[in-house]
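These are the residues of each chain, in order.
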Amino acid sequence: SSSESALTFEGPLFKGKNETSITSFIASVRRSYLQLLFQALDLPFLPDYWDYQYKISHKIDQYNDLTFTGVGSIDDFSINEPDDFDEEQQATLDQLPIIRQWTTTHGVTWKNRFKNGSGFMATTLSTNILNNDFKQFEDVVNETGLFLNNVSQEQETKLRYNLTKFLGDWTLTTGGVVQNADYANETIDLVNGFEFNNDLNFWRYGIYGQLSRRFLSDRLGISAGLRVDGNSFTTTGNEMYRTLSPRVSFSYQIDDARRWTANASIGRYY
């Protein structure tokens, strides 16, 4: 396009001489060249970014699958010194920061379908990171005279489990999540004489369950569920009874053609 180009690959992996492969992939990367256009137009700032994504699917057997996924980006906001300065360009330059930022998210999911057809489960382990480096200078072109510096990183690592079980006419869905959150920030503001440095790490966890069934020739659907959450951050975070979150919902097909449906739900959420 006028601002970026992208390249995508997909196909089988480890196929060898076999007719089919149990592993396949798709991956793409995108690169901006908007900064070249901005430079040609003699604008004072140059946005510059990369991003990528991928997915790898592997079939262990007819009941088990593995999926690896990831996305990420790199943003590099740089400065261009125009050939001819005017007051407006100078004012813009005086306010522009230098920003270098990157993000990444990766995860793997194992899906298992029960051999007796009574349900399935999914287990996912994932992590995501946001890293931000923000600076302001008196001379932003030469990056001298630093007066504001903000460097931060946020990271989460999650383990999630979900089970769906068919119990006669009933469907049971249950699962849980465990998450570790890590945060760090360092800020120096020389203009206001302010300095801040902090690290934060805590755990969050929760479990949930839901039962659902259809009645009256599948016209009436009823679903009821319960969830509790806890954390190691707040004073009462481990007292999970405080976060009891019940809910119930109803769905009714009004006409035989199923063009009209009435829905109602009530619940409590933390």
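This structure is a prediction, so every number in the text was calculated from the model and none was measured.

Looking now at the overall build of the protein. Of regular secondary structure, the protein possesses 2 helices and 13 strands. Computed over the C-alpha atoms, the radius of gyration of the protein is 26 Å, more than 25% above the 18 Å expected from 2.2 N^0.38 for a compact globule of 270 residues. Reported as C-alpha extents along the three principal axes, the dimensions of the protein are approximately 75 × 60 × 40 Å. Burial analysis of the protein (270 residues in total) assigns 27% to the buried set. Entry remark: accessible area of the protein is about 17600 Å², with carbon and sulfur atoms responsible for 56%. Where the 24 positive side-chain charges of the protein centre and where its 34 negative ones centre are 24 Å apart.

As a further point, take the nonpolar core. Grouped together as the largest cluster of nonpolar side chains are 6 residues: Ile-79, Leu-93, Leu-96, Ile-98, Phe-137 and Val-140. Those residues in contact with Val-140 that lie beyond four places of it in its chain are Ile-79, Leu-93, Leu-96 and Ile-98.

Here we come to the side chain of Gln-253. Relative to the elements of secondary structure, Gln-253 occurs in strand 12 (residues 245-253). Its relative accessible area of 13% is what places Gln-253 among the buried residues. In contact with Gln-253, not counting residues within four places along its chain, are Arg-214, Arg-219, Arg-258, Trp-260 and Thr-261.

Enumeration over the complete set of coordinates arrives at 3 aromatic pairs. Each ring, one from Trp-170 and one from Phe-215, has its centre 6.1 Å from the other, and the planes form 80°; the classification is edge-to-face. Here the residue Trp-170 occupies a position in strand 9 (residues 170-189), and Phe-215 occupies one in strand 10 (residues 194-215), the gap between them amounting to 45 residues. Plain terms: the ring middles of Phe-202 and Phe-233 are 5.2 Å apart, the flat faces sit at 35° to each other, and that makes the pair tilted. Remark: Phe-233 occurs in the loop between strand 11 (220-231) and strand 12 and Phe-202 occurs in strand 10; sequence separation between them is 31 residues.

As paired elements, strand 7 (residues 119-139) and strand 8 (residues 144-167) share 20 bridges and run antiparallel to each other. In the sheet register, Asn-131 faces strand 8, and the bridge partner there is Gln-153. Between strand 7 and strand 8, which pair antiparallel and follow one another directly, the connecting turn spans 4 residues, one of which, Glu-143, has a positive phi of 55°. Here strand 8 pairs with strand 9 via 20 bridges, running antiparallel. Note on strand 9: the bridge partner recorded for Asn-150 is Thr-187. Hairpin geometry of strand 8 and strand 9 is characterised by an intervening segment of 2 residues between the two adjacent antiparallel strands and by a positive phi of about 65° at Gly-168.

Relative to the helices and strands, Phe-77 is located in strand 5 (residues 64-79). Assessed through its relative accessible area of 21%, Phe-77 is described here as partly exposed. Residues Phe-77 and Phe-134, spaced 57 residues apart in sequence, show a C-alpha to C-alpha distance of 9.7 Å.

Here we take up the side chain of Asn-112. By the element assignment, Asn-112 lies in strand 6 (residues 98-113). For Asn-112, a relative accessible area of 13% gives the class buried. Looking at Asn-112, its side chain comes within polar contact range of the side chain of Asn-64, at 2.7 Å. If near-sequence neighbours (up to four positions away) are discounted, Asn-112 is found in contact with Tyr-63, Asn-64, Phe-120 and Met-121.

Cut-offs used in this document
- Residues numbered from 1 in each chain as written.
- Predicted model: local features only at pLDDT ≥ 70, side-chain atom pairs only at ≥ 80, totals over all residues.
- Heavy atoms only, no water.
- Helix = DSSP H or I, 4+ residues; strand = E, 2+ residues; numbered from the N terminus.
- Rg over C-alpha atoms; globule rule 2.2 N^0.38 Å.
- Buried < 20%, exposed > 50% of the residue type's maximum accessible area, 1.4 Å probe, protein only.
- Areas by Shrake-Rupley, 256 points an atom, 1.4 Å probe, with all protein chains shown as cover.
- Lys, Arg positive; Asp, Glu negative; His and termini not counted.
- Charge placed at Lys NZ, Arg CZ, Asp CG, Glu CD.
- Core = buried A, V, L, I, M, F, W, Y, C linked by side-chain atoms within 4.5 Å.
- Contact = heavy atoms within 4.5 Å.
- Phe/Tyr/Trp six-rings, centres within 6.5 Å; stacked < 30°, edge-to-face > 60°.
- Pairing = 2+ DSSP bridges.
- Polar contact = N/O pair within 3.5 Å; in protein donor to acceptor, adjacent residues only side chain to side chain.

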